Amino acid sequence: MTECVFCKIVAGEIPSTKVYEDDHAFAFADTNPQAETHVLVVPKKHYADLPDLANDPEAAAGLLAGIRDLAQEKGLSDFRTVFNTGAGVGQTVFHVHAHVLAGRSFGWPPG
Ligand code: 5GP
Ligand code: ZN
């Protein structure tokens, strides 16, 4: 059995507030939101990080399409999408996930 927390969320073994789902992607609210809208979008299949996901173009495209479609569904026209890659920049869950953030102003470049 997988020990991956996001695989367990996708499988419904750990509860989450689901925001969006399709064949490739699953999206749920972050438990520690950094903006009014803070959604995590994950591929249903396990990939550790962005380079791992990029080895499967179909899954990578599926994740991006999921981000597009959930944003459209939720009426988000402006949003920030963040992939942390590696513990050195704060990746804590090694099932690749996009942070989709909206509802406040964001500085650029990010701090
Ligand atoms: P990372 O730092 O790896 O880019 O992001 C991991 C994110 O997952 C964090 O923002 C954290 O709040 C969120 N997170 C960790 N565990 C859980 C969980 O069990 N449920 C949900 N909904 N979010 C989680
Ligand atoms: Zn996983």
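Everything that follows concerns the structure shown earlier in this document.
Residues numbered from 1 in each chain as written. Chains lettered and ligands numbered in written order. Predicted model: local features only at pLDDT ≥ 70, side-chain atom pairs only at ≥ 80, totals over all residues. Heavy atoms only, no water.

Structural notes on the pairing of strand β3 (residues 37–43)
For step 1, the next point in the chain: Judged by how many residues are buried, β3 sits mostly within the fold: six of seven residues are covered.
For step 2, the next point in the chain: Alignment of β3 against strand β5 (residues 98–102), held across five bridges, turns out to be antiparallel. Residue pairing in the sheet places Thr37 in a bridge with Ala102 of β5. (Buried < 20%, exposed > 50% of the residue type's maximum accessible area, 1.4 Å probe, protein only. Helix = DSSP H or I, 4+ residues; strand = E, 2+ residues; numbered from the N terminus. Pairing = 2+ DSSP bridges.)

Some words on the packing of aromatic side chains
For step 1, the next point in the chain: The full count for this structure, using the stated rule, is two aromatic pairs.
For step 2, the next point in the chain: Between Phe6 and Phe28 the ring centres are 5.3 Å apart and the planes differ by 75 degrees, which places this aromatic pair in the edge-to-face class. With a gap of 22 residues between them, Phe6 in helix α1 (residues 5–11) and Phe28 in strand β2 (residues 25–29) connect regions that are remote in the sequence. For the pair Phe6 and Phe28, one class covers both residues: buried.
For step 3, the next point in the chain: Consider the rings of Phe26 and Phe28, whose centres lie 6.1 Å apart with planes at 45 degrees: the pair is tilted. The pair formed by Phe26 and Phe28 is uniform in burial state, with each residue classed as buried.
For step 4, the next point in the chain: One aromatic cluster in this structure is built from Phe6, Phe26 and Phe28. (Phe/Tyr/Trp six-rings, centres within 6.5 Å; stacked < 30°, edge-to-face > 60°.)

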